[in-house]
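Each chain is listed here by its residues.
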Amino acid sequence: MLHNLPIPQPDPLWAVLSKMEQDQRNDKLDLIVGVYRDENGVTPTMQAVQLAEQRLANEATSKAYKGLSGNTLFNASMTGLLVPNGAIAKTTTIQTVGGTGALRLLFDFIYALSPSATVWISNPGYINHEPIAQKAGLKTKTYPYLDSNGQLDEAAMLEHLSMAKPGDVVVLHGCCHNPSGVDLSEPQWKTLASLLASKQLTPLVDIAYLGLSDTMENELKGLHHLIGSLETVFIAASCSKNMGLYCERTGCAMVVSNTSQQPAIRSLFEQIARSNYSMPPEHGAAIAHLLLSDPTLNSNWQGELTFMRNRINHLRKQLSLALQEDERENRYAYLARGKGMFSLLPFSSSEMDILAARFGIYGTKTGRINIAGLKESQIPYLTEAIRQLAQQ
Ligand code: PMP
C-alpha cells in the first residue's frame, strides 16, 4: 500500500518557516506565522488564563466525558459573546477543535444538506479555507476582495457574488481579514447582506481575531447585521488568538437560523463530530468559559486583550509613519488603517524571497506580514529593507 504514497509537497508556509529557522542572522525577523507576540518576542499565556487554570486545577474533580457537543457552558458563553440577545434562542452551538475544526464541521454539515452547493472564498483569503471545504467534498470558487491599491473592491466582490446560485455559501471574515487586514465598513456589510438575501446565499462568518483591532462590539456589527437580515448564518469561531489558547484547540461552530429545527441541527452536528473525533478537548473550553462568565476574570481578560490590540494598532501607525516618504501622501497609509494582525506588502513572491535572503525578513510568499510579530525597535530595520526593495 505504501508504495503509492505521493511525493510530499512542502506546505508553502512551512517551507518559508523552515528557511527562517535555518537563518543564523541575529537580526532576522519572523513575520510569518499568525501568533501574537509581545515586545519581548514572546507569545505569552494571558494572566487571566493562568488564573482560570489555577482555579480549574483546584476545583475540577473529574475528567469524565462531557458529550458530543463538548462543554455546554462554554457553548452558551460563546453564543452570548457572538450573537445578539434576541438571536440566542435560535442559535445552535457545538464546541470544536479550534476554529479549523469549526470550519470543517460546518463544511461537512453543508455537504450533508446540500452537496452541490459551491463555497465562495475571498481572493486573497485564508490559505486553509479552500482545502478544508474541498476535503469536505464541496466545490469552491473565489470572489475578488481587493483593488490594485489594496482597498476593498466592493463592486467586484458584489459582481462576482451575484453570479452565485441560490443555496451557495459565502465565506466572510467577521473582522481582521486574513491576510489583508481590510474589513468591510458598516454600509458595505449592509449592502452585502441585501445581496445575500436577494440571491438566497448563506454566509459562513469565520471569526478568528475578535477584539484584536477594535472593541468587540464594533467588530461584531457586520455579523449582527447579517444575523438580523438573513434566514441562516453559519459562524466558525476560534479562541486561539484573542485568548491565546492556540495549542488548546478551542473553538465552536454555530448555526443561527430562523427555522425551528435547532434539535435537528444539533443532531447532525453531533453525528459529524462522532464519526470524526467524537468529543473535543475540554481544557481550553473550560478556561474560555471562565474568562467569559466570571466578572473578575472577564475584566482581566478584556484588559489584556485591549493591551494587545493597542500594541498592534500602535505598531501599525509607527510602521506606516516610518515608511512615509512624501509629506502629502503615504502609499503605506493602509498599514495604519489595517485591522488585526496581518497586512500585505506590495511585493511579488520573488521580491519576498529577496526580502528574506538579503535582509532576513520573513513573511509569506504572498506578501503577508504579521504585524503582531514585530518589536517596535525593529521598525527602522524593516522600513529600510522595504525602501531598498521598493527602489529596485
Ligand atoms: N480562520 C482564520 C481566518 C484563521 O486565520 C485561522 C487561524 N490562523 C483559523 C480560522 C483557525 O483557527 P485555529 O487556530 O483556532 O484552528
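Residues numbered from 1 in each chain as written. Predicted model: local features only at pLDDT ≥ 70, side-chain atom pairs only at ≥ 80, totals over all residues.

### What about the overall build of the protein?
Alright, step 1. A count of helical and extended segments in the protein gives 15 helices and 11 strands.
Alright, step 2. Relative to the 2.2 N^0.38 estimate, which gives 21 Å for 392 residues, the radius of gyration of the protein is 21 Å and therefore close to what a compact globule would have.
Alright, step 3. Overall, the protein is about 60 × 55 × 55 Å in size when its C-alpha atoms are taken along their principal axes.
Alright, step 4. For the protein, the proportion of contacts with a sequence separation of at least 24, taken over those separated by at least 6, is 75%. (Helix = DSSP H or I, 4+ residues; strand = E, 2+ residues; numbered from the N terminus. Rg over C-alpha atoms; globule rule 2.2 N^0.38 Å. Contact = placed C-beta atoms within 7 Å.)

### Topic: the site of the ligand
Alright, step 1. Around the ligand sit Gly34, Gly98, Gly99, Thr100, Tyr126, His173, Asn178, Asp206, Ala208, Ser238, Ser240 and Gly251, and those are all the residues in its vicinity.
Alright, step 2. Residue contributions to the shell around the ligand peak at three residues, all from helix H4 (residues 98–113).
Alright, step 3. Within the shell around the ligand, the residues separate by chemical class into two nonpolar, nine polar and one charged. (Near = placed C-beta within 6 Å. Nonpolar A, V, L, I, M, F, W, Y, C, P; charged D, E, K, R; others polar.)

### Topic: the pairing of strand S3 (residues 118–123)
Alright, step 1. Pairing geometry for S3 and strand S4 (residues 139–144), over six bridges, is parallel. Directly across from threonine 118, in S4, lies its bridge partner lysine 139.
Alright, step 2. Relative to strand S5 (residues 169–173), S3 runs parallel, the two being bridged by two bridges. Directly across from valine 119, in S5, lies its bridge partner valine 169. (Pairing = 2+ DSSP bridges.)

### Some words on the environment of asparagine 258
Alright, step 1. With respect to the helices and strands, the residue asparagine 258 is situated in the loop between strand S8 (250–257) and helix H10 (262–274).
Alright, step 2. Put simply, asparagine 258 and isoleucine 227 are 31 residues apart on the chain and 9.5 Å apart in space, counted from C-alpha to C-alpha.
Alright, step 3. Residues within four places of asparagine 258 in sequence aside, it is in contact with Lys90 and Glu231.

### Considerations on the sheet that holds strand S6 (residues 202–207)
Alright, step 1. Taken in spatial order, the seven strands make up an open sheet running S2-S8-S7-S6-S5-S3-S4, and their pairing is mixed. If you trace the sheet from one side to the other, it starts and ends with strand S2 (91–97) and S4, each paired once. Mean inter-strand twist for the sheet, computed between neighbouring axes without regard to direction, equals 25 degrees.
Alright, step 2. Against the sheet, helix H9 (residues 221–229) makes contact with S6, strand S7 (232–238) and S8, and its axis sits at roughly 155 degrees relative to S6, the strand it touches most. (Axes fitted to C-alpha atoms, helices over the stretch in contact; angles between N-to-C directions.)

### Quick notes on the domain arrangement of the protein
Alright, step 1. Parsing the protein into structural domains produces domain 1 (2–45 + 307–391) and domain 2 (65–293).
Alright, step 2. Using C-alpha coordinates to define each centre, domain 1 is positioned 27 Å away from domain 2.
Alright, step 3. In this complex, domain 1 contributes 21 residues to the contact, which on the side of domain 2 involves 19 residues.
Alright, step 4. Of the residues in the side of domain 1 that touches domain 2, the class split is 11 nonpolar, seven polar and three charged. (Domains from an automatic or database assignment.)

### Considerations on helix H3 (residues 72–82)
Alright, step 1. Taken as a whole, H3 has its buried residues at Phe74, Asn75, Ser77, Met78, Thr79 and Leu82.
Alright, step 2. Check the buried side of H3 and you find it contacts S2, S6, H9, S7, S8 and helix H11 (283–293). (Buried ≥ 20, exposed ≤ 12 C-beta atoms within 10 Å, placed from the backbone.)

### Some points on the UniProt feature "domain: Aminotransferase class I/classII large" (unreviewed entry) in the protein
Alright, step 1. Following the UniProt record, the feature "domain: Aminotransferase class I/classII large" (unreviewed entry) maps to residues 27–386 here.
Alright, step 2. Secondary structure across residues 27–386 divides into 44% helix and 15% strand, with the first and last C-alpha atoms of the span separated by 15 Å. (UniProt positions renumbered as here; feature names shortened; annotations may be inferred.)

### Digging into the nonpolar core
Alright, step 1. Counting residues in each nonpolar core, the largest one holds 103 residues, and the members touching the most others are Leu106 and Ile235.
Alright, step 2. Of all the elements, helix H12 (residues 295–323) adds the most residues to this core, at eight residues.
Alright, step 3. Taken domain by domain, this core gets at least three of its residues from each of domain 1 (2–45 + 307–391) and domain 2 (65–293).
Alright, step 4. The residues touching isoleucine 235, leaving out its near neighbours within four places in the chain, are Leu82, Val205, Ile207, Met254 and Val256. (Core = buried A, V, L, I, M, F, W, Y, C linked by C-beta atoms within 7 Å.)

### What to know about the confidence of the model for the protein
Alright, step 1. When pLDDT is averaged across the protein, the result is 96; 100% of the residues are at 70 or more.
Alright, step 2. Here the prediction assigns the complex a pTM of 0.97, and the interface score ipTM is 0.99. (pLDDT = per-residue confidence, 0-100.)

### Examining the pairing of S6
Alright, step 1. With six of six residues buried, S6 lies mostly within the body of the structure.
Alright, step 2. Residue alternation in S6 divides its side chains into two sets, Thr202, Leu204 and Asp206 and Pro203, Val205 and Ile207, and both sets are buried.
Alright, step 3. Note: S5 against S6, five bridges, orientation parallel. If you follow leucine 172 over to S6, its bridge partner there is valine 205.

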